[in-house]
Amino acid sequence: MNLAAADTTDVPKWASNAFFQFVDAWQAPITIVITILAAIVLRLILRRMIKQVVDRIVNGVKKRQGAADTQALIASPVQTARVVQRTRTLGSVLENLATVVVVVIALVVIATALWKGAAVGIVGGASLVAAGLAVGAQSIVKDLLSGIFMILEDQAGVGDVVDTGQATGVVENVGLRVMQIRD
């Protein structure tokens, strides 16, 4: 007895056609919903992981301040505040970067599900957008990279007196693109 022949005769022809018509009609919406749900879950997982790393670093700094080891005795409260501030700033940058990456990937998957062959158009469009950003947003990207290196290298922190040429004062807040100074 041939099992393949028995399987095709057991399923009514109308049921097979109805199932495939249903799948064809709802494939794009189902893909979109699954993609959106996966993107939300992935973003929440990444956000939680980044927050845990930031909290672990901040709590480690706080514990070391009360500890009796050599570095805790040498470290000043201003230095501790700087480490905490740098960690939180870089944590927020990582959260934003993770969100952007997840959203872009989700949009590409959704566009591909809606329009067959959209991946080629998306790659072409993304290259045009990248070229436009490279030309038009050079100063913004340069400022962001300078801010990241300024924070990583600890060039100026809260409580420092700085002279920028245009203003002289005490640093109140340090971000990626902006440093708030009180004259």
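Residues numbered from 1 in each chain as written. Predicted model: local features only at pLDDT ≥ 70, side-chain atom pairs only at ≥ 80, totals over all residues. Heavy atoms only, no water.

### What to know about the overall build of the chain
Within the chain, the regular secondary structure consists of six helices and three strands. With 183 residues in all, the chain has 20% of them scored as buried. Carbon and sulfur atoms form 67% of the exposed surface of the chain, whose accessible area is close to 13,200 Å². (Helix = DSSP H or I, 4+ residues; strand = E, 2+ residues; numbered from the N terminus. Buried < 20%, exposed > 50% of the residue type's maximum accessible area, 1.4 Å probe, protein only. Areas by Shrake-Rupley, 256 points an atom, 1.4 Å probe, with all protein chains shown as cover.)

### A word on helix α6 (residues 138–152)
Its 15 residues give α6 an end-to-end C-alpha distance of 21 Å, which sits within 8% of 21 Å, the value for a rise of 1.5 Å per residue. Every buried residue of α6 is listed here: Gly147, Met150 and Ile151. Looking straight down α6, one finds that the buried residues subtend no more than 90° of arc, so they occupy a single side. Facing away from the buried side of α6 by over 90 degrees, the exposed positions are Gln138 and Lys142. At the exit of α6 stands Asp154, carrying a positive phi of roughly 55°. (Expected span 1.5 Å × (residues − 1). Arc of directions from axis to C-beta.)

### Quick word on the sheet that holds strand β3 (residues 179–182)
Taken in spatial order, the three strands of this open sheet run β1-β2-β3, and their pairing is antiparallel. Each edge of the open sheet is held by one strand with a lone partner, namely β1 (161–163) and β3. Neighbour-to-neighbour, the strand axes of the sheet open up by a mean angle of 55°, direction not taken into account. In this structure, β1 lies alongside strand β2 (residues 168–174), joined through three bridges in antiparallel fashion. (Pairing = 2+ DSSP bridges. Axes fitted to C-alpha atoms, helices over the stretch in contact; angles between N-to-C directions.)

### Quick notes on the environment of Gly169
Its place among the elements puts Gly169 in strand β2. Placed 13 residues apart in sequence, Gly169 and Arg182 show a C-alpha to C-alpha distance of 5.2 Å. Once you skip the residues sitting within four places of it in the chain, Gly169 turns out to touch Asp160, Val161, Val162, Ile181, Arg182 and Asp183. (Contact = heavy atoms within 4.5 Å.)

### A look at empty space enclosed by the protein
On inspection of all chains with the given rule, the structure shows two cavities of 30 Å³ or more. Size it by volume and the largest cavity reaches roughly 70 Å³. Contributing to the lining of the largest cavity are Arg82, Gln85, Arg86, Thr89, Ile151, Asp154, Ala156, Gly157 and Val174. A class-by-class count of the residues in the lining of the largest cavity yields three nonpolar, three polar and three charged. Lining the second largest cavity are Arg43, Leu46, Arg47, Ile50, Glu95, Ala98 and Thr99. Per element, the largest residue contribution to the lining of the second largest cavity is four residues, and it comes from helix α2 (residues 13–66). In the lining of the second largest cavity, the residues fall into three nonpolar, one polar and three charged. (1 Å grid on protein atoms, 1.4 Å probe; cavity = no way out; pocket = protein on both sides within 12 Å on 5 of 7 lines; lining within 4 Å. Points joined across faces, edges and corners; volume = space filled by probe spheres on them. Nonpolar A, V, L, I, M, F, W, Y, C, P; charged D, E, K, R; others polar.)

### Section: the pattern of salt bridges
Tallied over the entire structure, the rule returns one salt bridge. Two residues, Glu95 and Arg47, come together in a salt bridge whose shortest N-O distance is 3.6 Å. Of the two residues, Glu95 sits in helix α4 (residues 77–114) while Arg47 sits in helix α2, which places them 48 residues apart along the sequence. (Salt bridge = Lys/Arg side-chain N within 4 Å of Asp/Glu carboxyl O.)

### Re a nonpolar patch on the surface
Where nonpolar side chains cluster on the molecular surface, the patch consists of Leu94, Leu97, Val101, Ile105 and Val109 and spans about 430 Å² of accessible area. Among the secondary structure elements, Val101 is positioned in helix α4. (Patch = residues over 30% accessible without salt bridge, like charges linked within 9 Å, V, L, I, M, F, W, Y side chains within 5 Å.)

### Comments concerning the side chain of Thr35
By secondary structure assignment, the location of Thr35 is in helix α2. Note on Thr35: relative accessible area 12%, which makes it buried. Of note is the side chain of Thr35, whose polar atom sits 2.7 Å from the backbone oxygen of Thr31. (Polar contact = N/O pair within 3.5 Å; in protein donor to acceptor, adjacent residues only side chain to side chain.)

### As for the confidence of the model for the chain
Across the chain, pLDDT averages 74, with 71% of residues at or above 70. Below a pLDDT of 50 lies the segment residues 67–73, which in the model reaches six contacts outside its immediate sequence neighbourhood of four places, other chains included. (pLDDT = per-residue confidence, 0-100.)

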